[in-house]
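Residue-level listing of the chains:
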Amino acid sequence: MSDARSTRVRSPRTETDDVATTDRSATADGAATADRTAAAEGSETASAAETGNRETCPECGGRTRVDGAERVCADCGLVVDADRIDHGPEWRSFDDEDTDPKRTGAPLTRSRHDRGLSTEIGRSTKVKGRKRRRLARMRTQHNRAQISTKRDRNKVYAYTEVRRLTGVMGLPDSVRDAACALFDSAQEESLLRGRSLEGFAAACVYVACRTADVSRTVGEVCAEAKATEDEHQAAFDAMNRELGLPIAPSGPAEYLPRFASDLGCDPAVERRAGELAERAVEEGIANGRNPVGVAAACLYTAARELDAECTQQAAADVAGVTPVTVRRTYVDLTEV
C-alpha cells in the first residue's frame, strides 16, 4: 500500500508574509514590555527620590528622624515637617448614640463659676439597686467637691440668681454674661461683706442693662428679684463708688420704643414722641423728673396731637407711674 502524500504546496510569497507577521508581533510585544519596564523603573525612581528627599535634610544633607509630630534633622536639628495630617475622625462622641457626633464640648460661659468646664454625673433609669444608690452618693460628693470655698459658694448662688433674673425678664445672654463679670469685679474688690448677695445680683443685672442700652427700671428689676430696693441701692452705690461704673443718667428716649410697643402706638406717634423727648431734655423740662414718667407723657402728648387713642391712665400704667406725673409733664410740654 502506497503512502498518501500531501498535494498542497506553499508558495514562496506566503512563506515570506508569515515571517514578516511573526517579526512584527515580536517587535510589538518587545516594545510594550520595554514601556512597562520603563514606567515601573520610573515609578520606583520617583518613589525613591521622594523618600530620599523626605529622609534627607535640605540644609545639611543629614538624615532625618521622626520625633512625635515632627520630622527633624539628627545633625543640625532643622524641623523638616511639622503638624502631620491626622486622617482620623475630627469629632468625639461621649454619648451612647453615634448618630449625632459632636465636634467639640459645650461652649465656655461667664454665667458659671467654673466657666462651664466641670463635669457632671448624669442620671439614668437603667441603673437599679445598689449601683443607683452608689451613683447618688458619688453625685453628692462630686457636687460638694466643685464648691470648695465660701467664695465659690457665694459666686454660685449669685450666678444662679442672675440667670434666673435674666430669664424671667427676657434679657439676652450678653446682659447675663456682663452681669456675672461685674459680680466677679465686685467680689475681687471685697464689696460683698455686710451686704446682700441678692442685692448685688439685682444691681449687676440693672447695670448690665444700662450699659447695653436695654431699658429696664429699678422697680422692674426689683419686682422680679429677691432683693428689696434698699438692698439694690446699697449694692449699686458701693459698685458705683468703688468700681466707677461707666453709666450716664438715663433719658426718656430710651423707654419710648418699649412703651410705644406696649401701648400699640403707630410709628408716627412714636416719632413725634421722640421729638418731644428731645425738646424736653433741651429745654430742661425733664430735669429732676423720672425719665419713665417723661417718656409716658411724651407718648400721651404725641397721641393727642395726632388724634390717636391713648389715655393718661394707660400711659401711666405702662410706665408704672401715676396719672398725675403724666399730666404735669403734659402741661409743661403744651405750654412751652
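The structure contained in this document is the topic of the report that follows. Each chain carries its own residue numbering, running from 1 in the written order of its sequence. Where totals are concerned, whole chains, interfaces and linings use all residues; where local detail is concerned, this predicted model gives features only for residues with pLDDT of at least 70, and gives and counts side-chain atom pairs only at 80 or more. No hydrogens and no water enter the side-chain calculation; it runs on all heavy atoms of the structure.

1. Concerning the sheet that holds strand β1 (residues 64–67)
Strands in a sheet are paired, the pairing made by backbone hydrogen bonds, and the direction either parallel or antiparallel.
Right, on to step 1. Any two strands between which DSSP finds at least two bridges are classified as paired. Where helices and strands are cited, they refer to DSSP runs of H or I of at least four residues and of E of at least two residues respectively, numbered from the N terminus. Sheet architecture is open: three strands sit in the order β1-β2-β3, paired in antiparallel fashion. Looking at which strands have only one partner, the edges of the open sheet turn out to be β1 and β3 (79–81). Along the sheet, successive strands turn relative to each other by an average axial angle of 40 degrees, direction set aside.
Right, on to step 2. Pairing geometry for strand β2 (residues 70–73) and β3, over two bridges, is antiparallel. Pairing of Val 72 across the sheet is with Val 79, part of β3. Angles run from 0 to 180 degrees between N-to-C directions of axes, and those axes are lines fitted to C-alpha atoms, restricted for helices to the stretch in contact.

2. Thoughts on the packing of aromatic side chains
Right, on to step 1. Between the rings of Phe, Tyr and Trp (Trp by its six-membered ring), a pair exists once the centres lie within 6.5 Å; its type follows the angle of the planes, with under 30 degrees stacked, over 60 edge-to-face, and the other angles tilted. One pass over the full model with this rule turns up four aromatic pairs.
Right, on to step 2. Between the aromatic rings of Tyr 206 and Phe 236, the centroid separation amounts to 5.9 Å while the plane-to-plane angle is 70 degrees, which identifies the pairing as edge-to-face. Residue Tyr 206 is located in helix α5 (residues 197–211), and its partner Phe 236 is located in helix α7 (residues 229–242); the two are separated by 30 residues in the primary sequence.
Right, on to step 3. Relative to Tyr 330, the ring of Tyr 300 lies with its centre 5.1 Å away and its plane at 70 degrees, an arrangement referred to as edge-to-face. Note that Tyr 300 is positioned in helix α10 (residues 291–305) and Tyr 330 in helix α12 (residues 323–335), a separation of 30 residues in sequence. The exposure classification of Tyr 300 matches that of Tyr 330, with both residues buried. Here's how the labels work: a residue is buried when its accessible area is under 20% of the maximum for its type, exposed when over 50%, partly exposed in between, all with a 1.4 Å probe on protein chains only.

3. Digging into the nonpolar core
Nonpolar side chains in soluble globular proteins tend to be buried together.
Right, on to step 1. Counting 31 residues, the largest nonpolar core has Phe 183, Phe 200, Val 205 and Met 239 as its most contacted members.
Right, on to step 2. Looking at this core, the elements with two or more residues in it are α3 (150–169), α4 (173–188), α5 and α7.
Right, on to step 3. With eleven residues, α5 is the single largest residue contributor to this core.
Right, on to step 4. In what follows, residue pairs with any heavy atoms lying within 4.5 Å of each other are defined as contacts. In contact with Met 239, other than residues within four places in its own chain, are Leu 182, Ala 186, Leu 191, Phe 200, Ala 203, Cys 204, Val 207, Gly 244 and Leu 245.
Right, on to step 5. For this analysis, a nonpolar core means a set of buried residues of the types Ala, Val, Leu, Ile, Met, Phe, Trp, Tyr and Cys, connected via side-chain atoms within 4.5 Å. Core analysis: the next-biggest nonpolar cluster, separate from the first, contains 30 residues, Ala 286, Cys 310, Ala 315 and Leu 333 among them.

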